[in-house]
Amino acid sequence: MNWAFLQGLLSGVNKYSTALSRIWLSMVFIFRVLVYVVAAEDVWDDEQKDFICNTQQPGCPNVCYDEFFPVSHVRLWALQLILVTCPSLLVVMHVAYREERERRYRLKHGPNAPSLYDNAGKKRGGLWWTYLLSLIFKATVDTSFLYIFHRLYKDYDMPRVVACSVDPCPHTVDCYISRPTEKKVFTYFMVATAVICILLNLCEVTYLVGKRCMEILGSRHRKSRRRGHLPDTCPPYALSQGRHPQDGTSVLMKAGLAPMDTGGYT
């Protein structure tokens, strides 16, 4: 594994993430990716070689293995981790697109031109939607793969012995899985970390949507308060003191204000 690339990837994603998203990234790269690379692949490297059936019928162990392990755990986890980390890169790409657009705009209109964005990395407008959809997509991917694992391996179980009666097996034969307890522990660990990541994504979606709603409601409340403090459209007026109402030089003045000299106006 290229650790420099991993460090750069984490730094780039964390730069535009919330605190919950940083926790999610730590969960993914430390408790899922590293566990997968360091331990899980070694645990499953002998899954087919040591899948032994009590028969000498040619082809029977192969078809029985395919019957109970249609897709390998490690390959499903690899696909899951690839799909669940891609949306975070989309956020970084969207920010890079904003920065490039800002650069081209400056080149075209000059360095003193007003900026297109107050902050290219601030989650507003399209970037807010990209970030929100990335969270929903990540939660959906993890949920989908948990369902797939549950359908393929009921209750995420790893039995010690399975009974197989698929052709060309001559009769029902018993097949033995290599290191079933160890594989079950790793399966439960990966499922638990996926559930935690789903909860973190849902909490962050709730936080972002709630924060946005509060901002909108607060903006509307401030506007309504400003409208409530505006002066009346037709305020009461009084004639200037010391002037007769019939005098053509008299002016209408708002009650409570000082007299106004109108000698310079026509």
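These figures come from a predicted structure and were not determined experimentally.

Our next topic: the overall build of the protein. The helix and strand tally for the protein stands at six helices and five strands. For the protein, buried positions account for 35% of its 266 residues. In the structure as shown, the protein presents an accessible area of about 17,100 Å², 60% of it carried by carbon and sulfur atoms.

A few words on the side chain of Thr-187. Turning to its location among the elements, Thr-187 is positioned in helix α6 (residues 180–228). In contact with Thr-187, not counting residues within four places along its chain, are Trp-44, His-73, Trp-77 and Tyr-156.

This part covers the state of the cysteines. Summed over the entire model, instances satisfying the criterion amount to three disulfides. Paired through a disulfide, Cys-53 and Cys-175 show a sulfur-sulfur distance of 2.0 Å. What sets the handedness of the Cys-53 and Cys-175 disulfide is the S-S torsion sign, and at about 105 degrees it is right-handed. Placement of the pair is Cys-53 in strand β1 (residues 52–53) and Cys-175 in strand β3 (residues 173–176), with a sequence separation of 122 residues. Both residues of the pair, Cys-53 and Cys-175, belong to the buried class. The disulfide partner of Cys-60 is Cys-169, and the gap between their sulfur atoms is 1.8 Å. Residues Cys-60 and Cys-169 are joined through a disulfide that is right-handed, its torsion about the S-S bond being 95 degrees. Taken together, the residues Cys-60 in helix α3 (residues 60–68) and Cys-169 in the loop between β2 (161–164) and β3 connect sequence positions 109 residues apart.

Calculation criteria
- Residues numbered from 1 in each chain as written.
- Predicted model: local features only at pLDDT ≥ 70, side-chain atom pairs only at ≥ 80, totals over all residues.
- Heavy atoms only, no water.
- Helix = DSSP H or I, 4+ residues; strand = E, 2+ residues; numbered from the N terminus.
- Buried < 20%, exposed > 50% of the residue type's maximum accessible area, 1.4 Å probe, protein only.
- Areas by Shrake-Rupley, 256 points an atom, 1.4 Å probe, with all protein chains shown as cover.
- Contact = heavy atoms within 4.5 Å.
- Disulfide = S-S within 2.5 Å.

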